[in-house]
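Close look at the chain arrangement
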Amino acid sequence: MKIELENVKPRDIERRSFEIITEELGDRKLDPDKELIIKRCIHTSADFEYADSLCFSDNVVAKAMDAIRQGACIVTDTQMGRSGINKRALARYGGEVYCFMSDEDVAATAKANGTTRATASMDKAAQLDKPLIFAIGNAPTALVRLYELIEEGKLNPALIIGVPVGFVNVVQSKELIMKASSISFVTQISPATSTNTVTSGSPSTAGASVTPARNAPQTGTQPSQTTGNKKTMSA
């Protein structure tokens with residue numbers, strides 16, 4: 001049995017992946033403002049449903065870029081999400097990335113109040129005197145608490161990327177964010193998303209012009225020289 005492998009140089013693997021995504025999407029036309037975000041979500045998950053299921057509030061990309069330029073900080077609900085965000089790019093505009101999930105005071109507050117750490121970490125984030133973007137890719141309770149804080153007038157985030165994964169209150173938590181007054185959001189109405197997805201959708205990793213991801217493929221690129229170059233292996 002012969003198996004053909006594409007002969008792709010290491011530096012071209014990501015670019016080739018995006019070429020394949022574009023090929024698989026065929027004649028489908030994506031909004032240019034959202035195209036690279038959608039493709040990065042597909043790239044990190046191999047799930048083409050993102051072309052249909054991602055939900056964006058009006059002018060969210062432009063508003064997110066403006067927030068970044070004004071020094072917005074990003075708050076995540078996992079250390080993995082925090083690690084995936086391009087901190088150097090964010091720092092050029094005075095922004096930082098925070099994750100409070102491992103903080104001892106957050107653990108103590110959650111235990112005392114009978115809540116999740118994600119809930120307690122959102123309360124801690126609300127005390128920051130900075131413009132904030134929330135990137136939630138794990139805990140629905142974080143989104144629920146954000147909605148409550150917004151409704152109570154204690155928080156006015158510049159953007160919420162809400163794509164927690166699971167089964168309990170996952171879809172409901174995303175619907176709450178979508179109905180929150182005047183909040184910019186990116187979400188997906190599905191139980192199936194992840195921390196990888198939230199970093200793909202983050203303005204500092206999605207290849208947007210204000211804070212480009214490292215070596216981010218740009219839309220409309222020409223096929224690389226390695227396209228169609230294959231080798232055969234026996235199995």
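Data block above holds the structure.
The paragraphs below set out a description of the structure included in this document. Values in this document were obtained by computation on a predicted structure and should not be read as measured data.

Further remarks concern the nonpolar core. Soluble globular proteins tend to bury their nonpolar side chains together. One finds Val-75, Met-122, Phe-134, Ile-136, Leu-146, Ile-160 and Ile-177 to be the most contacted residues of the largest nonpolar core, which totals 28 residues. Of all elements in the fold, only β3 (73–76), β4 (97–99), α7 (104–113), α8 (117–125), β5 (132–136) and α9 (140–151) reach the threshold of two or more residues within this core. Examining the composition of this core, we find that six residues originate from one element, α9, more than from any other. Sequence-distant contacts of Ile-160, defined by excluding residues within four places in its chain, comprise Phe-134, Leu-143, Leu-146, Ile-150, Ile-177, Ile-183, Ser-184, Phe-185 and Val-186. In this structure, Tyr-50, Val-60, Ile-68 and Ile-161 belong to the second largest nonpolar core, which totals 27 residues.

Below, the discussion takes up the pattern of salt bridges. Evaluated as defined, the whole model comprises 14 salt bridges. With its nearest N and O atoms 2.9 Å apart, the salt bridge here joins Lys-34 to Asp-31. The class for Asp-31 is partly exposed, based on a relative accessible area of 34%. Across the salt bridge formed by Arg-145 and Glu-148, the nearest N and O atoms sit 3.0 Å from each other. Highlighted residues: Arg-145 and Glu-148, both in helix α9, separated by three residues, approximately one helical turn. On the accessibility criterion, Arg-145 (14% relative accessible area) is buried. Given the relative accessible area of 35%, Glu-148 is considered partly exposed.

This part covers α8. Regarding α8, the residues found buried are Ala-118, Thr-119, Ala-120, Ser-121, Met-122 and Ala-125. Next to the buried residues of α8 lie β3, α7, β5 and α9.

The next subject is the sheet that holds β3. Ordered in space as β2-β7-β6-β5-β3-β4, the six strands form an open sheet in which the pairing is mixed. Every other strand in the sheet has two partners, leaving β2 (54–56) and β4 as the edge strands with one partner each. Geometrically, the sheet is characterised by an average inter-axis angle of 15 degrees between neighbouring strands, direction not taken into account. Looking at chain direction, β5 and strand β6 (residues 159–162) are connected through four bridges and run parallel. By the bridge assignment for β6, Phe-134 is matched with Ile-160. Lying over the sheet, helix α10 (residues 170–179) contacts β2, β6 and β7 (185–188), oriented at roughly 150 degrees with respect to β7.

Remember that side chains alternate between the two faces of the sheet whenever the strand is regular. Alternating positions in β7 separate into two faces, Phe-185 and Thr-187 on one and Val-186 and Gln-188 on the other, with burial throughout. Here β2 runs beside β7; their pairing, made up of three bridges, is antiparallel. Within β7, the position partnered with Leu-54 by the bridge is Gln-188. As defined by bridge partners, β6 adjoins β7 across three bridges and the pair is classed as parallel. Within the sheet, the bridge partner assigned to Ile-160 lies in β7 and is Phe-185.

So, about the packing of α8 against α9. One way to put it is that α8 packs onto α9 with a least axis distance of 8 Å and a crossing angle of 35 degrees. Seen along the crossing, α8 lies across α9 with a hand that is right-handed. Across from Ala-118, Thr-119, Met-122 and Asp-123 in α8, the residues of α9 making contact are Thr-141, Ala-142, Arg-145, Leu-146 and Leu-149. Here the contact of α8 with α9 is built from residues that sort into five nonpolar, two polar and two charged.

For the rest of this paragraph, the subject is unusual backbone geometry. In this model, Asn-59 sits at a positive phi of 55 degrees, which is unusual for a non-glycine residue. Along the polypeptide, Asn-59 turns up in the loop between β2 and α4 (60–69). We note that Asn-169 has phi near 60 degrees; this positive angle belongs to a residue other than glycine. Take Asn-169: it is sitting in the loop between β6 and α10. On the basis of relative accessibility, which here comes to 42%, the residue Asn-169 falls in the partly exposed class.

Attention now moves to the packing of α7 against α8. Axis angle and axis distance: for two packed helices, these are the angle between their axes and the distance between the axes, and together they describe the pair. Where α7 meets α8, the closest approach of the two axes is 8 Å, and the angle between their N-to-C directions is 120 degrees. Classified by the angle their axes make, α7 and α8 are oblique. Along this stretch, α7 crosses α8, giving a crossing that reads as right-handed. Residue-level inspection shows Asp-105, Val-106, Ala-107, Thr-109 and Ala-110 of α7 in contact with α8, the latter providing Arg-117, Ala-120, Ser-121 and Lys-124. Of the residues that constitute the contact of α7 with α8, the class distribution is four nonpolar, two polar and three charged.

Thresholds applied
Residues numbered from 1 in each chain as written. Predicted model: local features only at pLDDT ≥ 70, side-chain atom pairs only at ≥ 80, totals over all residues. Heavy atoms only, no water. Core = buried A, V, L, I, M, F, W, Y, C linked by side-chain atoms within 4.5 Å. Buried < 20%, exposed > 50% of the residue type's maximum accessible area, 1.4 Å probe, protein only. Helix = DSSP H or I, 4+ residues; strand = E, 2+ residues; numbered from the N terminus. Contact = heavy atoms within 4.5 Å. Salt bridge = Lys/Arg side-chain N within 4 Å of Asp/Glu carboxyl O. Pairing = 2+ DSSP bridges. Axes fitted to C-alpha atoms, helices over the stretch in contact; angles between N-to-C directions. Left-handed = near helix turned anticlockwise from the far one by under 90°. Nonpolar A, V, L, I, M, F, W, Y, C, P; charged D, E, K, R; others polar. Parallel < 35°, antiparallel > 145°, perpendicular 65-115°, else oblique.

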